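Survey of secondary and tertiary structure
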Amino acid sequence: EDTLRVKILVLGDSGVGKSSLVHLLTNHSELTNPAWTVGCSLQVGLHEYRSELTGQAERLFFLEFWDIGGYPMHKNSRGVFYHGVHGILLVHDLTNRKTELNLSRWLHESCLGADTPPVLVIGAKSDLCKADTLAKRPNGGEAAARIGCPEILLSCVDTRSLSAGTTNAVKLDRFYDQVIEYRLRPRASTPPRVGQAISRPNRQQSKLLHGE
């Protein structure tokens, strides 16, 4: 059977750790020598879609992570990467509040008022933050609350940040499932609000999910 693909944008200011995050998501290991991304870098991972109804794994999907370079000078040329998107990871540096405040701008730039796909905010470099600093963060984080979507905090140099069964891993898997459901829903249907749960697949979507 054919394995369907979904496109996930990875957006955020330059230096927040997007490339290290994508490497962690696709290779489950630390990126030892991260380089600056110019233009776009593409890496692919796999995800087993799980039905919210049954909780059972139903079909494998390729996850295409489009890591977009964050240099301001490239803003006018980034639009070419923003077509056919099924999900967005907004990444900020937990040690630099400005990068979190800029996430709304990144979301606006990538969607331009169009139907917004599922969004997940990721606060990176938690290993560089003091425990009391993280504890004082509002539930969900300022940017996530403003956008209306979930957030996870992690360290890209610690694979345990996404260990199976952790809250981070559960949120990430649910985001992937919503991205897949967004990919398969009829384009004529009413788009959900940012962060809103995607409706359950209809019969046609279920056939695709089951590989029928």
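This text gives an overview of the structure that appears in the document. (Residues numbered from 1 in each chain as written. Predicted model: local features only at pLDDT ≥ 70, side-chain atom pairs only at ≥ 80, totals over all residues. Heavy atoms only, no water.)

1. Remarks on the overall build of the protein chain
For the protein chain, the helix and strand inventory stands at seven helices and six strands. Along the protein chain, helices and strands appear, N-terminal first, in the series β-α-β-β-β-α-α-β-α-α-β-α-α. Partitioning the intrachain contacts of the protein chain with sequence separation of at least 6 by distance along the chain shows that 71% fall at a separation of at least 24. If you sum the accessible surface of the protein chain, you get close to 11000 Å²; carbon and sulfur atoms cover 52% of it. (Helix = DSSP H or I, 4+ residues; strand = E, 2+ residues; numbered from the N terminus. Contact = heavy atoms within 4.5 Å. Areas by Shrake-Rupley, 256 points an atom, 1.4 Å probe, with all protein chains shown as cover.)

2. Some points on the side chain of glutamate 109
Mapped onto the elements of the fold, glutamate 109 is located in helix α3 (residues 103-111). On the accessibility criterion, glutamate 109 (9% relative accessible area) is buried. A distance of 2.7 Å separates polar atoms of two side chains, one belonging to glutamate 109 and the other to tyrosine 82. (Buried < 20%, exposed > 50% of the residue type's maximum accessible area, 1.4 Å probe, protein only. Polar contact = N/O pair within 3.5 Å; in protein donor to acceptor, adjacent residues only side chain to side chain.)

3. Describing the pairing of strand β4 (residues 87-93)
Counting buried positions over the seven residues of β4 gives seven, a clear majority of the element. Burial of the side chains of β4 extends over both faces: Gly87, Leu89, Val91 and Asp93 are buried on one face and Ile88, Leu90 and His92 on the other. The pairing of strand β1 (residues 4-11) with β4 spans four bridges and is parallel. If you follow leucine 11 over to β4, its bridge partner there is leucine 90. Note that β4 and strand β5 (residues 119-124) share six bridges and pair parallel. Across the sheet, the residue bridging to leucine 89 is leucine 120, located in β5. (Pairing = 2+ DSSP bridges.)

4. A closer look at the packing of aromatic side chains
Under the counting rule described, the total for this entry stands at three aromatic pairs. Aromatic pair tryptophan 66 and phenylalanine 81: ring centres 6.4 Å apart, planes at 55 degrees, arrangement tilted. One end of the pair, tryptophan 66, is in strand β3 (residues 57-68); the other, phenylalanine 81, is in the loop between β3 and β4, and 15 residues separate them in sequence. Each member of the pair tryptophan 66 and phenylalanine 81 is classed as buried. Here the aromatic cluster, defined as three or more aromatic residues joined through ring pairs, consists of Phe65, Phe175 and Tyr176. One Lys or Arg, lysine 7, reaches over the ring of tryptophan 66 and ends 4.0 Å from the middle of that ring. (Phe/Tyr/Trp six-rings, centres within 6.5 Å; stacked < 30°, edge-to-face > 60°. Lys NZ or Arg CZ within 6 Å of the ring centre and 35° of its normal.)

5. Brief notes about the environment of histidine 28
As for its placement among the helices and strands, histidine 28 is situated in the loop between α1 (18-27) and β2 (40-50). Along the sequence, histidine 28 and threonine 159 sit 131 residues apart, while their C-alpha atoms lie 6.4 Å from each other. In contact with histidine 28, other than residues within four places in its own chain, are His23 and Thr159.

6. Considerations on the environment of threonine 99
Mapped onto the elements of the fold, threonine 99 is located in helix α2 (residues 97-101). The sequence separation of threonine 99 and valine 16 amounts to 83 residues, and the corresponding C-alpha distance is 7.5 Å.

7. Structural notes on the nonpolar core
Grouped together as the largest cluster of nonpolar side chains are 28 residues, with contacts concentrated most on Ile8, Leu25, Phe65, Leu89 and Tyr176. Elements with a contribution of two residues or more to this core: β1, α1, β3, β4, β5 and α6 (167-184). Examining the composition of this core, we find that six residues originate from one element, α6, more than from any other. Core analysis: the next-biggest nonpolar cluster, separate from the first, contains 19 residues, Leu9, Tyr82, Leu90 and Val121 among them. (Core = buried A, V, L, I, M, F, W, Y, C linked by side-chain atoms within 4.5 Å.)

8. Structural notes on α1
When you tally the buried positions in α1, you get nine out of 10 residues, the bulk of the element. Within α1, the full set of buried residues consists of Lys18, Ser19, Ser20, Leu21, Val22, His23, Leu24, Leu25 and Thr26. Directly beyond the C-terminal end of α1, a positive phi value near 55 degrees is found at histidine 28.

9. Looking at the pattern of salt bridges
Per the counting criterion, the structure on display carries eight salt bridges. The partner of aspartate 93 in a salt bridge is lysine 125, and the shortest N-O contact between them spans 3.4 Å. Here lysine 125 lies in the loop between β5 and α4 (131-135) and aspartate 93 lies in strand β4, a separation of 32 residues in the sequence. Accessibility expressed as a relative area gives 9% for aspartate 93, which makes it buried. (Salt bridge = Lys/Arg side-chain N within 4 Å of Asp/Glu carboxyl O.)

From the geometry alone we can't say anything about function, so treat these as descriptive.
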